[in-house]
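In case you want the letters, here they are:
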Amino acid sequence: MTYQKISYCFEDKRKSDDVKLKGWIHRLRKQKGNIFLTLRDHTGIIQCILPRTEEYSRVTIESSIELSGVINKDERSPGGYEVHVDNMDIIGLSDNYPIRKDFSTEFLNDVRHLWNRSRKMQSIMKVKAEVLHSANEWFHNNEWYQVTPPIINRTACEGGSTLFKVDYFGDEAYLSQSAQLYLESLIYSLDKVWSLTTSFRAEKSKTPRHLAEFTHLEGEQAWATFEDILGVEERLLTYVVKQVVEKNYAELELLGQDPNDLNKISTPFDRITYREAIEILNQNGKTMEYGDDFGTDDERILTLELDNPIFLVGAPVAAKPFYTKIDPCDEGNVLSADILAPKGYGEILTGGQREDDLDSISRRINNEGFNTEDYSWYLDLRKYGSVPHSGFGFGIERIVRWLCNLDHIRDTIPYPRTRARSFP
Ligand code: 4AD
Ligand code: MG
């Protein structure tokens, strides 16, 4: 807690040095005559000193308390201030808090409902809240409409292998992998639409960047070309990063991220083509062939030395879903692009131009092994006033992992869902 920031919880404003605070005990040291404790609330921490009476000695780590006292500037205290406590009321005693110093990752995942109180998780959640807020703000400022697509679907978007099946009153349905197909339908009404939904992927792979359930920020724009949508993506991302640096400087520092590094991000993002990426990887000891998909390690190699995000543009037709538009200048290639985050983090977005021709898209739905009848509503969009259009999907947890400098994506979400874990 800082003096300025905690002023919201001053209940007695007559004398600016008198404070009343509510919070949880973050650190505790009981000495002969005094108790030193660090109090935590959503704004941070502040050091407090109180006499070691019998009543006050009952307090424990993570107890919730209310206290009043006098606040002084003290350079040596965490946060720069110290409170000399006149009165403390214990609101909820904490009985033998299980998180202590030497904890394993597995244990912290088991007690996630408590670990979410840690300063690390608190800082990450604050950054994430700002990512979501600023993205919303950018869309609003640029006249995009937020819409609410369904989560329970009958049509797959990203291929069959990662679908979660749901028994929908006796019929088979799926949890949404992406809102894209529904967003495509809504541009005919609103031109520029975006959504924030939970997407689901039955990911078999155990990587530090895959979740079974993630937060998907997607946009779709009528009349937009491939170039148009790349411009939207880089402007939106740059705005979000700058806002996070401005609002969450302290949190980024606490997490070991240098906010000044992030602040250097600028548009336009450099581009490498799919073919150039294959070459770079092969020069770095990989044996990649045209048509191969890039994995976590490949994207790490491509971005390790970078400071700015880049676009990875184009991909072989067979490597991308049915909806991607075939490049009219290079028929083996699609007008699709990923944004790769720098410093080894890799893909945080995929987007591109959509196929708007009825015959072509019907053929490709068939080739993917889906039944075109299941896509009848989607194919109608190509029958009734089809329009060139483009869109994208950001993985919010992927962005947060990069901004917060995290090894594993599980820490970007309070209750991660992976193949190995759906509890607590
Ligand atoms: O690349 P993806 O699969 O593309 C789509 O779903 C498009 N339909 C989006 C669109 O154009 N509307 O997913 C988009 C982004 C990825 O770049 C990644 O950031 C994130 O979503 N993502 C995941 N994040 C965490 N865990 C997973 N299993 C993810 N799968 C995708
Ligand atoms: Mg992708």
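Here the structure is shown first, and the text comes after it.
My aim in this report is to walk through the structure given alongside it, one point at a time. All of these numbers come straight from a predicted model, not from anything done at the bench.

Turning to the overall build of the chain, a few remarks are in order. Per the secondary structure count, the chain includes twelve helices and 16 strands. Taken along its principal axes, the extent of the C-alpha atoms in the chain is 80 × 50 × 45 Å. Split into buried and exposed, the 424 residues of the chain put 52% on the buried side. Residue pairs in contact within the chain that sit at least 24 positions apart in sequence constitute 65% of those at least 6 positions apart. As displayed, the chain has an accessible area near 20600 Å², and 49% of this comes from carbon and sulfur atoms. Averaging the locations of the 52 positively and 67 negatively charged side chains of the chain gives two centres separated by 8 Å.

On to the site of ligand 1, then. In the vicinity of ligand 1, 22 residues are found, and the nearest of them are Glu158, Gln180, Glu218, Glu347 and Arg354. Residue tyrosine 323 places a side-chain N or O atom 3.2 Å away from a nitrogen atom belonging to ligand 1. Protein contact buries 95% of the 620 Å² of open area that ligand 1 shows by itself. Using a 2 Å cut-off from the grid points, one finds that ligand 1 occupies the largest pocket. Within the residue set of the shell around ligand 1, elements represented by two or more residues are β11 (213–222), β15 (346–353) and β16 (389–395). Considering every element that reaches the shell around ligand 1, the biggest residue donor is β15, with four residues.

Here we come to the side chain of threonine 162. Summarising the element assignment, threonine 162 is placed in the loop between β7 (152–153) and β8 (165–168). Side-chain polar atoms of threonine 162 contact the side chain of glutamine 177, separated by 2.9 Å. When sequence neighbours within four positions are dropped, the list of residues in contact with threonine 162 reads Gln177, Phe200, Arg201, Ala202 and Glu203.

A surface patch of nonpolar side chains, amounting to about 360 Å² of accessible area, comprises Ile152, Tyr168 and Phe169. Mapped onto the elements, isoleucine 152 comes out in strand β7.

Turning our eyes to something else, we now look at helix α11 (residues 376–383). Taken residue by residue, α11 has Tyr378, Leu379, Leu381 and Arg382 as its buried positions. Each buried residue of α11 lies within a common arc of 140 degrees when the element is viewed along its axis, so the set occupies one face. Buried positions along α11 lie against α4 (180–190), α10 (358–367) and β16. In the segment just after α11, glycine 385 is the residue with positive phi, at about 80 degrees.

Moving on: the pairing of strand β14 (residues 336–341). Across the six residues that make up β14, a large majority, six, are buried. Side chains Ser336, Asp338 and Leu340 project from β14 onto one buried face, and the interleaved Ala337, Ile339 and Ala341 project onto a second face that is buried too. As judged from the four bridges shared by strand β13 (residues 310–313) and β14, these two strands associate in the antiparallel manner. Following the sheet pairing, isoleucine 310 is matched in β14 by leucine 340.

Before going further, it helps to spend a moment on empty space enclosed by the protein. Tallied over the full model, the rule gives two cavities of 30 Å³ or more. When its volume is computed, the largest cavity comes out at roughly 70 Å³. Forming the boundary of the largest cavity are Asn153, Thr155, Ala156, Cys157, Leu163, Tyr174, Leu175, Ser176, Gln177, Ser178, Leu181 and Tyr182. Of all the secondary structure elements, the ones that give two or more residues to the lining of the largest cavity are β9 (171–175) and α4. Tallied by class, the residues present in the lining of the largest cavity amount to seven nonpolar, five polar and no charged. Contributing to the lining of the second largest cavity are Val131, Ala135, Leu217, Leu236, Leu237, Val240, Phe394, Ile396 and Ile399. Counting residues per element, the ones that place at least two in the lining of the second largest cavity are α3 (119–141), α5 (226–247) and α12 (396–403). A total of three residues in the lining of the second largest cavity trace back to one element, the largest contributor, which is α5. Counted by class, the lining of the second largest cavity contains nine nonpolar, no polar and no charged residues.

Conventions adopted
- Residues numbered from 1 in each chain as written.
- Chains lettered and ligands numbered in written order.
- Predicted model: local features only at pLDDT ≥ 70, side-chain atom pairs only at ≥ 80, totals over all residues.
- Heavy atoms only, no water.
- Helix = DSSP H or I, 4+ residues; strand = E, 2+ residues; numbered from the N terminus.
- Buried < 20%, exposed > 50% of the residue type's maximum accessible area, 1.4 Å probe, protein only.
- Contact = heavy atoms within 4.5 Å.
- Areas by Shrake-Rupley, 256 points an atom, 1.4 Å probe, with all protein chains shown as cover.
- Lys, Arg positive; Asp, Glu negative; His and termini not counted.
- Charge placed at Lys NZ, Arg CZ, Asp CG, Glu CD.
- Near = heavy atom within 4 Å.
- Polar contact = N/O pair within 3.5 Å; in protein donor to acceptor, adjacent residues only side chain to side chain.
- 1 Å grid on protein atoms, 1.4 Å probe; cavity = no way out; pocket = protein on both sides within 12 Å on 5 of 7 lines; lining within 4 Å.
- Sits in = over half its atoms within 2 Å of the grid points.
- Patch = residues over 30% accessible without salt bridge, like charges linked within 9 Å, V, L, I, M, F, W, Y side chains within 5 Å.
- Salt bridge = Lys/Arg side-chain N within 4 Å of Asp/Glu carboxyl O.
- Arc of directions from axis to C-beta.
- Pairing = 2+ DSSP bridges.
- Points joined across faces, edges and corners; volume = space filled by probe spheres on them.
- Nonpolar A, V, L, I, M, F, W, Y, C, P; charged D, E, K, R; others polar.

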